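Here is how the chains run, residue by residue.
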Amino acid sequence: MSEWVAVAPANAASGLPDKRQVAASFSRAAASYDAVAELQRTVGSALIERLPTDLQPSRWLDLGAGTGYFSRVLASRFSTSEGVALDIAEGMLRHARPQGGAAAFIAGDAECLPLRDASVDLVFSSLALQWCEDFSAVLSEAKRVLRPDGVLAFTSLCSGTLQELRDSWQAVDGFTHVNRFRSLEVYQQLCAASGLQLDRLDVEPQVLHFAELRQLTHELKALGAHNLNPGRSGRLTGRARIRALIDAYEQFRTPSGLPATYQVVYGVLRKDF
Ligand SMILES: C[S@@+](CC[C@H](N)C(=O)[O-])C[C@H]1O[C@@H](n2cnc3c(N)ncnc32)[C@H](O)[C@@H]1O
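**Some words on the site of the ligand**
Surrounding the ligand, one finds 19 residues, the nearest of these being Tyr 33, Gly 64, Asp 87, Asp 109 and Ser 126. Asp 87 has a polar side-chain atom sitting 2.6 Å from an oxygen atom of the ligand. At 2.9 Å, a side-chain N or O of Asp 109 approaches a nitrogen atom of the ligand. A total of 600 Å² of accessible area belongs to the ligand in isolation, and the protein chains cover 97% of it. Among the detected pockets, the ligand sits in the largest cavity. Per-element accounting of the shell around the ligand gives the leading share, 3 residues, to helix α1 (residues 17–36). A class-by-class count of the residues in the shell around the ligand yields 13 nonpolar, 4 polar and 2 charged.

**Side note on helix α2 (residues 38–50)**
Taking 1.5 Å per residue, 13 residues should reach 18 Å; α2 reaches 19 Å between its end C-alpha atoms and fits that length. If you check which residues of α2 are buried, you get Leu 39, Gln 40, Val 43, Gly 44, Ala 46, Leu 47, Ile 48 and Arg 50.

**Regarding the environment of Val 178**
Secondary-structure assignment places Val 178 in the loop between α6 (163–172) and α7 (184–192). Residue Val 178 is classed as buried on the basis of its relative accessible area of 3%. Along the backbone, Val 178 and Thr 161 are 17 residues apart, and their C-alpha atoms lie at a distance of 9.1 Å.

Rules of the game
Residues numbered from 1 in each chain as written. Predicted model: local features only at pLDDT ≥ 70, side-chain atom pairs only at ≥ 80, totals over all residues. Heavy atoms only, no water. Near = heavy atom within 4 Å. Polar contact = N/O pair within 3.5 Å; in protein donor to acceptor, adjacent residues only side chain to side chain. Areas by Shrake-Rupley, 256 points an atom, 1.4 Å probe, with all protein chains shown as cover. 1 Å grid on protein atoms, 1.4 Å probe; cavity = no way out; pocket = protein on both sides within 12 Å on 5 of 7 lines; lining within 4 Å. Sits in = over half its atoms within 2 Å of the grid points. Helix = DSSP H or I, 4+ residues; strand = E, 2+ residues; numbered from the N terminus. Nonpolar A, V, L, I, M, F, W, Y, C, P; charged D, E, K, R; others polar. Expected span 1.5 Å × (residues − 1). Buried < 20%, exposed > 50% of the residue type's maximum accessible area, 1.4 Å probe, protein only.

Structure below.
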């Protein structure tokens, strides 16, 4: 293992307060995450299905591994391989480590990977990269650590995600209460400029339904994925504002319940020989 991990496990969150917040939020959510992560399992499984059929990695990286569910899937799918589960949230790694799957569990940042050049055959990343402000840095780090013919397979979220919640808050107070997501066009541009070969990049909406709005907001909190934007309101959420939010969201109700739309981006890229 030491020959492909370039530096000692990093203090992943150093220097960047927003990353510290992301790490702290996901660390706090580690114990509750798996119970509410149905969409995340569906999306990650769909990404596994999109992996090139000829891919036989001897080393893989699960980037933003969270509780390590997909590290264990990768370990069983590529049974002779060796993997690293990397996440910015130490609390997630503490939760994942005892469950096995990866040979190493490393704290690190997708924008600055603590791995050697040309050290892995597959970078797998599901629903983590929407948290990275500098997606071109993520792509360039993936390219650096991939061996020739290696594959980057990722899912992420693009604009339109949680639009119902965003619009409802907008109607209430105009504050940023929902995380911002890059547009699909930006994903397309950055992938095209990455120097990796683009095998596929597509978007598929997934819509969850909730009987009540508080089920959605509780789920986001349990996932660690509630709003961490600098523009969020620092004021206490008064009962009147919550009532107004519920009323605004009710406008979206369908016979299946209150919809929460996720615009899921699937990308598969390959490094040239
Ligand atoms: C929604 S969870 C997904 C976890 C897992 N991939 C899954 O599908 O269940 C997102 C994960 O990305 C991690 N993350 C966020 N920003 C990161 C970064 N810059 N570098 C590495 N991991 C990051 C979070 O700590 C969190 O564990």
